[in-house]
Structure formats: C-alpha cells, structure tokens
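Now for the letters of each chain:
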Amino acid sequence: SSVILEASSMRRRSGARVMVVFDAVGVDGRSGFVTDNGVEVIFAMDRLADDEVVAIAAASGESVVVISNDRDVRERASLEGAVTLWSTAVVAPSNP
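Cut-offs and rules
- Residues numbered from 1 in each chain as written.
- Predicted model: local features only at pLDDT ≥ 70, side-chain atom pairs only at ≥ 80, totals over all residues.
- Heavy atoms only, no water.
- 1 Å grid on protein atoms, 1.4 Å probe; cavity = no way out; pocket = protein on both sides within 12 Å on 5 of 7 lines; lining within 4 Å.
- Points joined across faces, edges and corners; volume = space filled by probe spheres on them.
- Helix = DSSP H or I, 4+ residues; strand = E, 2+ residues; numbered from the N terminus.
- Nonpolar A, V, L, I, M, F, W, Y, C, P; charged D, E, K, R; others polar.
- Salt bridge = Lys/Arg side-chain N within 4 Å of Asp/Glu carboxyl O.
- Buried < 20%, exposed > 50% of the residue type's maximum accessible area, 1.4 Å probe, protein only.

Enquirer: Can you lay out the layout of surface pockets for me, pointing to particular residues and giving the numbers?
Expert: Reported here for the largest pocket is a volume of approximately 1,000 Å³. Taken together, 33 residues form the lining of the largest pocket, with Met19, Val20, Val65, Val66 and Ile67 sitting closest to its centre. Looking at the lining of the largest pocket, the elements with two or more residues in it are helix H1 (2-14), strand E1 (19-22), helix H2 (49-59) and strand E4 (65-67). Its residues assigned to classes, the lining of the largest pocket comprises 21 nonpolar, six polar and six charged.

Next comes the structure, spelled out in structure tokens:
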C-alpha cells in the first residue's frame, strides 16, 4: 500500500517508531504485523481506526505525533497530549 511505503520512508528518515492503523481485520485474523522496514501495521479489528489511533496516543506514555487529515482524530489525539499534523504536511509530493 502507498500508505505503508510512505510510512517506511518516514521511518528511514526519522528513525522513529511508526505505526499505521487501518479499519480492517488482518489476513488470517491477525491484529497486525511489522514490515521488513520496521513499520507497525495495526488492524483496528472490532473498532474504528480513528478510535484505535486515539487510544494508542492516550496509552503511549511517550511523545506521540498523530498524522491525519481527519480533524476529529487530530482534535481527540491532541486532547490526549499528542502533537497532530495534517497528512499533507509530512507526505512528500509526487512527481508528475
């Protein structure tokens, strides 16, 4: 997925822990996996990915940056102490 590729690039550039959360159930019912590049892919399973992102931010105990174009997700994560950014602020523009 292009989201995972962009997350891999972000991880390589920053060295930070990077997680991508999807509204889905994983293959074989898995709740997630770690890519070869170290990106943690999480399937929200029985809840919305939005809620999963906010729950991760709340439970982290670390500095967290939440990247989303969804205003509600950004506002809720911010209330949990996360720094929030629009996706377009961190995704490299594509070459035409």
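Enquirer: How would you explain the pattern of salt bridges if you had to name every residue and give the values?
Expert: Applying the stated criterion to the full structure yields five salt bridges. The salt bridge involving Arg17 is made with Glu62; its shortest N-O contact spans 3.9 Å. Here Arg17 is found in the loop between H1 and E1, whereas its partner Glu62 is found in the loop between H2 and E4, with 45 residues between them in sequence. Each member of the pair, Arg17 as well as Glu62, carries the same accessibility label: exposed. Between Glu52 and Arg47 there is a salt bridge, with its nearest N and O atoms 3.3 Å apart. Since its relative accessible area comes to 16%, Glu52 is described here as buried. The exposure class of Arg47 is partly exposed, given its relative accessible area of 39%. Residues joined by salt bridges that share partners form a network here, namely Arg17, Glu40 and Glu62.

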